Amino acid sequence: MLGEFELIARYFAPLAADAPGAFGLTDDGAVLAGDGGPARVITLDTLLAGTHYLPQDPADLVARKALRVNLSDLAAMGARPEGYLLSLALAPEVPESWVDGFARGLSADQAHYGVALLGGDTTRTSGPTAISVTAIGTADAVLRRSGARVGDRVYVSGTIGDAALGLAVARGVAGDAGDPDSRALAARYRLPQPRVALGAALCERGLASAAIDISDGLIADLGHICRQSGVAADLALPRIPLSTAVQRRVEMDAAHLRTALTGGDDYELVFTAPPENADALAALARDLDLPLTGIGEVVPGGEVILRDPEGRPMTFDHAGWTHF
Ligand code: ADP
Ligand code: MG
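Heads up: these notes are all about the structure in this document. (Residues numbered from 1 in each chain as written. Chains lettered and ligands numbered in written order. Predicted model: local features only at pLDDT ≥ 70, side-chain atom pairs only at ≥ 80, totals over all residues. Heavy atoms only, no water.)

1. Digging into the overall build of the protein chain
The criterion, for reference: Secondary structure elements follow DSSP: runs of H or I of four or more residues count as helices, runs of E of two or more count as strands, with numbering from the N terminus. Our radius of gyration looks at C-alpha atoms and nothing else; its globule reference is 2.2 Å times the residue count to the power 0.38. The buried label applies to any residue whose accessible area, calculated with a 1.4 Å probe on protein chains only, is under 20% of its type's maximum; exposed applies above 50%, and partly exposed to all values in between. Only heavy atoms enter the contact rule, under which two residues are in contact if any of them lie within 4.5 Å. Surface exposure here means Shrake-Rupley accessible area, sampled with a 1.4 Å probe, where a residue is shielded only by the protein chains that are shown. Under this rule, positive means Lys or Arg and negative means Asp or Glu; His and the chain ends count for nothing. Charge positions come from single atoms, namely NZ of Lys, CZ of Arg, CG of Asp or CD of Glu.
Each helix and strand counted, the protein chain has 10 helices and 13 strands in total. The C-alpha atoms of the protein chain give a radius of gyration of 19 Å, which matches the 20 Å a tight globule of 324 residues would have. Taken along the three principal axes of its C-alpha coordinates, the protein chain extends 55 × 55 × 45 Å. Here the protein chain holds 324 residues, and the buried ones make up 51% of them. Here the analysis covers contacts within the protein chain between residues at least 6 apart in sequence; of these, 82% occur between residues at least 24 apart. When the accessible area of the protein chain is evaluated, it comes to approximately 14,600 Å², of which 55% is carbon and sulfur surface. Taking the average location of the 26 positive side-chain charges in the protein chain and that of its 41 negative ones, the two points are 2 Å from each other.

Spelled out as structure tokens, the structure:
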């Protein structure tokens, strides 16, 4: 069996060939041209019980996560969310009270993000519960993965790795789950903060050349920008923003650093911007009260290079990174 991206490229990308706004299935969402008005951006993500959330996670948080991971893809395209469709396939053991909590979670986030449910489908399954959300947003212009240019700087919002370590905490493999650090990390895993305002502002102010949201890990997702843009990214490990909770975990066990850099579920944005936009990005960070940290440069080549404090490139594989 081919991997996820090879399957998409071989079997599904040809089906998108006649839709220019599908971008060959290489971006965070697709664009449907507006009739003179703003373009519509559309994206879909699925959460599976046991794979994308823990079956015992509270239903309202699962619902909000299902919506938010899609809002994160809209943010990566610079689109403002408008509405969503919901497909819910419920496992046999799921009671109505779970659906009640799930709907209350959606209601809270609808108010928070100004979106409404537009339709969907509800079924039972003999397998694990599957939740699919299709989110729809609008944008006057969209942010692509393909616009990074040599000489641009690489920025990331917020902090990296909290969710990956939060999952490790929730699974009981990263120390005590009861202390405040652990609770903060686990909360970042259970309830992402999609950078909706940031994505829209980057797009509307014309500040970024390329963007992606970090769902699979900083290194992997920045790799998609590099591939789609035909460039490399040269990053400095000491510049990667880590929360104090992650820093303390890394001090306890250096292996947690690999988890932070290559683990998923951050839902921050990683984006590139020409150096002359640095002041405008600093102003935007202040406006949004959200750190935007320069972590490296776009250089010729094709991959993500991360340098340790001595400047030596570290290499990554599925299992993690090692020094050359
Ligand atoms: P993201 O992490 O941003 O949600 P994915 O890695 O899941 O994106 O998907 C990569 C691209 O492939 C996206 O453009 C997505 O729309 C597309 N894609 C993934 N699976 C399918 C599928 N089964 N059919 C059509 N397009 C797909
Ligand atoms: Mg994405």
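Still more ground to cover, so stick around.
2. Regarding the sheet that holds strand β1 (residues 30–32)
Here is the rule: We treat two strands as partners when DSSP finds at least two bridges between them. A fitted line through C-alpha atoms serves as each axis, taken over the contacting stretch for helices, and the angle formed by two N-to-C directions is quoted from 0 to 180°.
Here we have 5 strands laid out as an open sheet, ordered β1-β2-β5-β3-β4, and mixed in their pairing. In the strand order of this sheet, the two ends are held by β1 and β4 (116–124), each with one partner. When the angles between neighbouring strand axes are averaged without regard to direction, this sheet yields 20°. As judged from the 10 bridges shared by strand β2 (residues 39–48) and strand β5 (residues 130–139), these two strands associate in the antiparallel manner. Residue pairing in the sheet places V41 in a bridge with G137 of β5. Its contacts with the sheet put helix α2 (residues 59–76) on β2, β3 (80–90) and β5, and the angle it makes with β2 is roughly 140°.

3. Description of the pattern of salt bridges
Keep this limit in mind: Here, a salt bridge means any side-chain nitrogen of Lys or Arg that lies within 4 Å of a carboxyl oxygen of Asp or Glu.
With the rule as written, the count across this model stands at 19 salt bridges. Between R205 and D287 there is a salt bridge, and its shortest N-O distance comes to 3.1 Å. Residue R205 is found in the loop between α6 (196–204) and β7 (210–213), and its partner D287 is found in helix α10 (residues 278–288); the two are separated by 82 residues along the sequence. In this structure R205 comes out as partly exposed when scored by relative accessible area, which is 45%. The partner of D308 in a salt bridge is R312, with the nearest N and O atoms 3.1 Å apart. D308 gets classed as buried once you look at its relative accessible area, which sits at 5%. Each member of the salt-bridge network shares a partner with another, and the members are D27, D28, R144 and R145.

4. Let's talk about the packing of α2 against helix α3 (residues 96–113)
What counts is decided by this rule: Should an angle lie under 35 degrees it is considered roughly parallel, over 145 roughly antiparallel, and from 65 to 115 roughly perpendicular; all remaining angles are considered oblique. Whether a crossing is left-handed or right-handed is set by the direction in which the near helix is turned from the far one by less than a right angle, anticlockwise for left-handed and clockwise for right-handed. Three categories are distinguished: nonpolar for Ala, Val, Leu, Ile, Met, Phe, Trp, Tyr, Cys and Pro, charged for Asp, Glu, Lys and Arg, and polar for the others, with Gly belonging to the last.
Two elements in contact, α2 and α3, have axes whose closest approach is 6 Å; the angle formed by their N-to-C orientations is 40°. By the angle between their axes, α2 is oblique relative to α3. Here α2 runs over α3; the crossing is right-handed. Facing A59, D60, V62, A63, R64, L67, R68 and L71 of α2, the residues of α3 in contact are W98, G101, F102, G105, L106, D109, H112 and Y113. Each residue belonging to the contact of α2 with α3 can be placed in one class, and the counts come to 9 nonpolar, 3 polar and 4 charged.

5. What about the site of ligand 1?
To keep it simple, the criterion reads: Working definition: residue near molecule or strand if any one of its non-hydrogen atoms lies within 4 Å of it. The definition of a polar contact used here is a pair of N or O atoms within 3.5 Å, where within protein one atom must be able to donate a hydrogen and the other to accept one, and adjacent residues in sequence count solely through side-chain atom pairs.
The full set of residues close to ligand 1 is E4, F5, I8, F12, L25, D27, D28, D45, D73, R145 and S215. D27 has a polar backbone atom sitting 2.7 Å from an oxygen atom of ligand 1. The side chain of R145 places a nitrogen or oxygen atom 3.2 Å from an oxygen atom of ligand 1. For ligand 1, the accessible surface in isolation is 560 Å², of which the surrounding protein chains cover 66%. The leading source of residues in the shell around ligand 1 is helix α1 (residues 4–12), at 4 residues. Classifying every residue of the shell around ligand 1 gives 4 nonpolar, 1 polar and 6 charged.

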